[in-house]
Amino acid sequence: MNMFQVIKDQFNVPFATHTGVEITDVADGQGTARMPQTETSINHIGSQHAGALFTLGEAASGAAMAGAFAPVILEVRPIAGKAEISYTKVAKGMITAQSRTLLPSTELLEKLNTDGKVAFNVAVDLTNADGDQVAQMTVAWHVKKT
């Protein structure tokens, strides 16, 4: 089993799991997650709640971060330091979040090895089942050697 599969299989954030978030793919600096619409994920107008969408996007960004640091993931402490989200369309049904680090993992790992820490952004696109963008997000991650 490769390290990306191990990360995907072990990715367990209780609150994200509570909202129905499932990590579906982890790769080098990339992550994908999805979340179905349920009775507990909706808002007062029957669409996906903004907080649930935020949770989905943050989880997908964490998968991209973990994928970028796969060779050393057990030797680092990652923290999401800041996040910005823009809701672009009413979100209904299954929502998919695709994320990617804005710098290549080789550059991130080099900075980590040189400085003992690195800060970088992960971009996330959230889309509905028709492929329409419902939100976009940027998460600023801080990763430090333990």
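Look up: the structure comes first, before these words.
Read on for an overview of the structure.

What counts and what doesn't
Residues numbered from 1 in each chain as written. Predicted model: local features only at pLDDT ≥ 70, side-chain atom pairs only at ≥ 80, totals over all residues. Heavy atoms only, no water. Helix = DSSP H or I, 4+ residues; strand = E, 2+ residues; numbered from the N terminus. Rg over C-alpha atoms; globule rule 2.2 N^0.38 Å. Buried < 20%, exposed > 50% of the residue type's maximum accessible area, 1.4 Å probe, protein only. Contact = heavy atoms within 4.5 Å. Pairing = 2+ DSSP bridges. Axes fitted to C-alpha atoms, helices over the stretch in contact; angles between N-to-C directions. Phe/Tyr/Trp six-rings, centres within 6.5 Å; stacked < 30°, edge-to-face > 60°. Salt bridge = Lys/Arg side-chain N within 4 Å of Asp/Glu carboxyl O.

## Quick word on the overall build of the protein
Then step 1. The secondary structure content of the protein amounts to 4 helices and 6 strands.
Then step 2. Put simply, the protein runs from its N terminus to its C terminus through helices and strands in the order α-α-β-β-α-β-β-α-β-β.
Then step 3. By the compact-globule yardstick of 15 Å for 146 residues, the protein fits well, its C-alpha radius of gyration being 15 Å.
Then step 4. With respect to the three principal axes, the spread of C-alpha positions in the protein is 50 × 30 × 25 Å.
Then step 5. When burial is assessed residue by residue, the protein has 40% of its 146 residues classed as buried.
Then step 6. Considering only contacts in the protein between residues 6 or more positions apart, those separated by 24 or more positions represent 68%.

## Observations concerning the sheet that holds strand E5 (residues 117-127)
Whenever strands of a sheet pair, they do so through backbone hydrogen bonds, lying parallel or antiparallel.
Then step 1. Strand order across the open sheet formed by 6 strands is E1-E2-E4-E5-E6-E3, with antiparallel pairing between neighbours. Among the strands making up the open sheet, the edge pair consists of strand E1 (22-27) and strand E3 (76-87). With direction set aside, neighbouring strand axes in the sheet form an average angle of 20 degrees.
Then step 2. In this fold helix H3 (residues 50-68) packs onto E1, strand E2 (30-35), E3, strand E4 (95-101), E5 and strand E6 (133-145), with an angle of close to 40 degrees to the strand it touches most, E4.
Then step 3. The sheet strands contacting helix H4 (residues 105-115) are E3, E4, E5 and E6, and the helix crosses E5 at an angle near 155 degrees.

## Focus on the packing of aromatic side chains
Then step 1. Considering all chains together, one arrives at 1 aromatic pair under this definition.
Then step 2. Ring centres of Phe-69 and Phe-120 lie 5.6 Å apart, and the angle between their planes is 35 degrees; this geometry places the pair in the tilted category. Of the two residues, Phe-69 is situated in the loop between H3 and E3 and Phe-120 in strand E5; the sequence distance between them amounts to 51 residues. Like Phe-69, the residue Phe-120 is buried in the burial classification.

## A short note on the environment of Gly-46
Then step 1. Checked against the element boundaries, Gly-46 lands in the loop between E2 and H3.
Then step 2. Placed 54 residues apart in sequence, Gly-46 and Arg-100 show a C-alpha to C-alpha distance of 30 Å.
Then step 3. Residues within four places of Gly-46 in sequence aside, it is in contact with Gln-37 and Lys-92.

## Structural notes on the pattern of salt bridges
Then step 1. All chains considered together, the criterion is met by 5 salt bridges.
Then step 2. Of the charged contacts in the structure, one is a salt bridge between Lys-82 and Glu-84, with a shortest N-O distance of 3.3 Å.
Then step 3. Among the residues examined, Glu-84 registers a relative accessible area of 48% and is labelled partly exposed.

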